[in-house]
Amino acid sequence: MGFKRSLKRVRILSFSAILLICFVKGTTADEELYGNDVPDLKSYHDPDSEEEEVPVGSRVVASATMTSVREASHTGEERQSVSGLQDNGVEGEKEDLPEQPPPIEKSKEVPVVNGGTAANGEPCLFPFLFQGKEYSDCTTDGRRDGRLWCATSYDYDQERKWGFCETDEQAKQRHQAEEAEEHYQDVLQMYQNALHTTRKSQRKELYEKLLKVAEIGHHKAMEKVAYAMLFGDFMSQNVPRAKLLFEKLAVEGSPKAQTALGFLYAAGLGVNSSQAKALVYYTFGALGGNLVAHMILGYRYWGGVGVPQSCESALTHYRLVANQVASDVSLTGGSAVQRIRLLDEVENPGSTSGMLEEDLIQYYQFLAEKGDVQAQLGLGQLHLHGGRGVEQNHQRAYDYFNQAANAGNTHAMAFLGKMYSEGSESVPQNNETALQYFKKASDLGNPVGQSGLGMAYLYGRGVPVNYELALKYFQKAAEQGWVDGQLQLGTMYYNGIGVKRDYKQALKYFNLASQAGHILAFYNLAQMHATGTGVMRSCHTAVELFKNVCERGRWSERLMTAYGSFKEGEMDAALVQYLLLAEQGYEVAQSNVAFLLDQKGSKIFSDNETYPRALLHWTRAAAQGYTVARIKLGDYHFYGYGTDVDYETAVIHYRLASEQQHSAQAMFNLGYMHEKGLGIKQDIHLAKRFYDMAAEASPDAQVPVFLALCKLGLFYALQYLQDLNVKELITQVDLDQLLGPEWDLYLMTVIALLLGTVIAYRQRQHQIVVPPRPPVPAPPPPARPPQEQPEAQVEPQAVGDTQEEAQAEPEQQ
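All values reported here derive from a predicted model rather than from experimental measurement.

Definitions and cut-offs
- Residues numbered from 1 in each chain as written.
- Predicted model: local features only at pLDDT ≥ 70, side-chain atom pairs only at ≥ 80, totals over all residues.
- Heavy atoms only, no water.
- Helix = DSSP H or I, 4+ residues; strand = E, 2+ residues; numbered from the N terminus.
- Buried < 20%, exposed > 50% of the residue type's maximum accessible area, 1.4 Å probe, protein only.
- Contact = heavy atoms within 4.5 Å.
- Axes fitted to C-alpha atoms, helices over the stretch in contact; angles between N-to-C directions.
- Parallel < 35°, antiparallel > 145°, perpendicular 65-115°, else oblique.
- Left-handed = near helix turned anticlockwise from the far one by under 90°.
- pLDDT = per-residue confidence, 0-100.
- Core = buried A, V, L, I, M, F, W, Y, C linked by side-chain atoms within 4.5 Å.
- Disulfide = S-S within 2.5 Å.
- Patch = residues over 30% accessible without salt bridge, like charges linked within 9 Å, V, L, I, M, F, W, Y side chains within 5 Å.
- Areas by Shrake-Rupley, 256 points an atom, 1.4 Å probe, with all protein chains shown as cover.
- Salt bridge = Lys/Arg side-chain N within 4 Å of Asp/Glu carboxyl O.
- Expected span 1.5 Å × (residues − 1).
- Polar contact = N/O pair within 3.5 Å; in protein donor to acceptor, adjacent residues only side chain to side chain.
- Phe/Tyr/Trp six-rings, centres within 6.5 Å; stacked < 30°, edge-to-face > 60°.

**Considerations on the overall build of the chain**
Regarding its fold elements, the chain presents 37 helices and four strands. Across the 813 residues of the chain, 42% fall into the buried class. Restricting to contacts in the chain with at least 6 residues of sequence separation, those with at least 24 account for 55%.

So this is what it looks like as structure tokens:
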């Protein structure tokens, strides 16, 4: 028994040590990764826009843990803590553990210098004196580039002899890393300049250059190339090769690579599906500060996917991501998120997608060039926020707004003020110019301009801070229903700025702003429900609101790139992108994944895997309230797609869709199952009731319901006749006795009368429809002899003139 306990303890300690080593590796690589902050591209087609890390957050905790481990390794505390655990065990267990040999103290190797003022290969002298402080090891003090150096004499301040603490090999590696970083920055700059072009070939060339930089070993280039291979972004899709790159980066501690490996194991792409491994990789990615990993974990804890359901854990992860997303929201509102359901796109092309066709955009551009103010304003807003098939382009937005403003449009003036107030690469930030546009629009009663003036007075942009004026302008804008005015009023009441703090008023204005879809309104409401400020605390409501905020982050642009891949026929690329978004909790992505698998358009998974995977994603989409997904679940259990045929479960799903979402399709299906007695007791009366409910719920269901009711009526009549035993009834009826001996003559007479009535009615209808004939024209005068006839002059006949009118004109003359 003692041996088993000791063995169990050894296993626990070994597993803890492995986790600690992995954590230290991940944290160390994370520090190296963030040592040189390189801004990621945040463009419409940026493949890595969804891969962002928390700038401080969890990485601070990880760094502190790493520091304590390093200190323990130097002082021997880690070894003592392990031995302490062993010493505190049960008596008699100690002899079962193998004795650890005493640590061998290695003599510290003195580094030699390379470069600097000392001779190459000259050893460092420790300790040495620098600016009155002694150093017993190489240091980075006094250098901005962070390179380690040491002195070769005791007093550096006097003799100035020093060199870098690196070998020739290390210097060579450093030069290679610097060159790789330089090439990487050049490619990034070229890619950023190429964002305004639509030529795909040019972007492919840039990714080929990025691949060469990745081959040198540049981590960020490797991350971008790996994701491009995974998604098929401007490179050939190659999941196995992307997996190898991710594994190599994960060993170095890359949070992006750890998150990507978690996704591969969760989806079973290139590896055998393992939710346990996926959870481990997601956890390490989140510890490294990856926001996508936090979002995935938040959804998993919220829905109980692979982990026990925990609202508080989901709230922790979602709040961290929402804080970052909310901090990135600008005055202009950021880019729009377009959610397109492939099922609706295929069944009703162009009806619900909200995408603008290229010819329609060109038509609006033609109108704008001709001076149509509304077209100019609409195109300006489209290019300002992006979406609906139009890329975000501030320069074009500025040009269209400027044309409309010169024509006197107040909305265009106000939007120009917002662009100058926020500033961008195309429009430099200028508070004075912004204030002029805001005042001009506000004087004309424009709510956008009034809200802009309120922001100027609230934050002192170009004018002194004046809370009273800010409140006045926000109230004017809110009265006209402008969302920014409502949001800022809620903020002022929430924080007590210029007014008495009033959480009820704040809640009121935040709710009004959220109805218009403002992301910060959702964020503020989530904070109030999470902390119980002004409302009863509700973890569930807070998580749903934070989730809404998180789904509007930069990674939501992946929805449009996935849709673009679908439109181009690249089903595998579209499926992988939608799979990652589905892992993040996007309901529209989950339904799109299920649709692609249901249609068997992708070849990534085998045929026997498609229906079970589709069933899984329909289930997740239905759990988020998508009615069609709930009906699909009923269909899958009814027909046995990806599962066994189960009519009772199908009835449950149809009933949920009928009662919760009032789906006409679900009501019709329930009527059919009641009619046939499938999974439920056969009841013709209930079948008719559900058919009638379906017809009331949707006009589109009236024709199918009419046919179903006809069939049901016929079935009911046959069943009634069968119950009456018609054969015996006919034999018992004597028509001679009932109608008389000449009943057949009576019947023939009645039939003849009915037939005559029908014929007379049809003739009467024909006479009403046929128009009266025109009067016969008078005979023409006798013709002259041929030699006396003048040359004919034919007058052109007007369109629509009848022949009779043309002949009547000479007579009238």
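**Side note on the packing of helix α22 (residues 503–515) against helix α23 (residues 519–531)**
Viewed as axis vectors pointing N to C, α22 and α23 meet at an angle of 140°, and their least axial separation amounts to 8 Å. Considered as vectors, α22 and α23 are oriented oblique to each other. Remark: the crossing between α22 and α23 carries left-handed chirality. Between α22 and α23, the contacting residues are Tyr503, Leu507, Phe510, Asn511, Ala513 and Ser514 on the first element and Ala521, Phe522, Asn524, Leu525 and Met528 on the second.

**Describing the confidence of the model for the chain**
Considering every residue of the chain, the mean pLDDT works out to 78; 75% of them sit at 70 or more. Across residues 1–51, where pLDDT falls below 50, the model places 105 contacts with residues more than four positions away in sequence or in other chains. Note on residues 782–813: pLDDT is under 50 here. Beyond four places in sequence and across chains, it has six contacts.

**Here's the deal with the nonpolar core**
Of all hydrophobic cores here, the largest spans 150 residues; its most connected members are Leu230, Phe246, Phe263 and Tyr578. Of all the elements, helix α7 (residues 219–231) adds the most residues to this core, at nine residues. The residues contacting Tyr578, other than those within four sequence positions of it, are Ile340, Leu342, Leu559, Ala562, Tyr563, Ala589, Asn592, Val593 and Leu596.

**Overview of the packing of helix α9 (residues 255–267) against helix α10 (residues 275–287)**
The N-to-C vectors of α9 and α10 enclose an angle of 160°; their axes lie 7 Å apart at closest approach. Classified by the angle between their axes, α9 and α10 sit roughly antiparallel to one another. The interaxial crossing formed by α9 with α10 has left-handed handedness. Residues Pro255, Gln258, Thr259, Leu261, Gly262, Phe263, Tyr265 and Ala266 of α9 pack against Gln275, Lys277, Ala278, Tyr281, Tyr282, Phe284 and Gly285 of α10.

**Topic: the state of the cysteines**
For the coordinates displayed, the defined rule picks out three disulfides. Here Cys124 is linked by a disulfide to Cys150, with a sulfur-sulfur distance of 1.8 Å. Judged by the torsion about the S-S bond (-65°), the Cys124/Cys150 disulfide is left-handed. Highlighted residues: Cys124 in the loop between α3 (77–87) and β1 (128–130) and Cys150 in strand β3 (residues 149–151), separated in sequence by 26 residues. For Cys150, a relative accessible area of 0% puts it in the buried group. A sulfur-sulfur separation of 2.0 Å characterises the disulfide bridge that pairs Cys311 with Cys539. Note on the Cys311 and Cys539 pair: the S-S dihedral is about -115°, so by sign convention the disulfide is left-handed.

**Re a nonpolar patch on the surface**
Taken together, the side chains of Leu714, Tyr716, Leu718, Tyr720 and Leu721 present a nonpolar region at the surface, about 530 Å² in accessible area. With respect to the helices and strands, the residue Leu714 is situated in helix α33 (residues 702–724). Look at Leu714 and you get exposed, because its relative accessible area is 53%.

**Regarding helix α20 (residues 467–479)**
End to end, α20 covers 18 Å across 13 residues, agreeing with the expected 18 Å (1.5 Å per residue, within 8%). Considered for burial, the residues of α20 that qualify are Ala470, Leu471, Tyr473, Phe474, Ala477 and Ala478. Against the buried residues of α20 lie α18 (431–443), α19 (447–459) and α21 (483–495). For α20, the capping residue at the N-terminal end is Asn466, with a side-chain oxygen 3.2 Å from the backbone nitrogen of Glu468.

**Quick notes on the packing of aromatic side chains**
Given two aromatic rings, their pairing is described by the distance between the two centres and the angle made by the two planes. Taken as a whole and assessed by the stated rule, the structure comprises 29 aromatic pairs. Note on Tyr265 and Tyr281: the rings are 5.8 Å apart at their centroids and 10° apart in plane angle, and the pair reads as stacked. Remark: Tyr281 occurs in helix α10 and Tyr265 occurs in helix α9; sequence separation between them is 16 residues. Overall, the relative accessible area of 12% leaves Tyr265 in the buried class. Tyr281 sits in the partly exposed class, given a relative accessible area of 26%. For the pair Phe638 and Tyr639, a centre-to-centre distance of 4.9 Å together with 80° between the ring planes defines the contact as edge-to-face. Taking the relative accessible area as the measure of exposure, Phe638 reaches 15% and is therefore buried.

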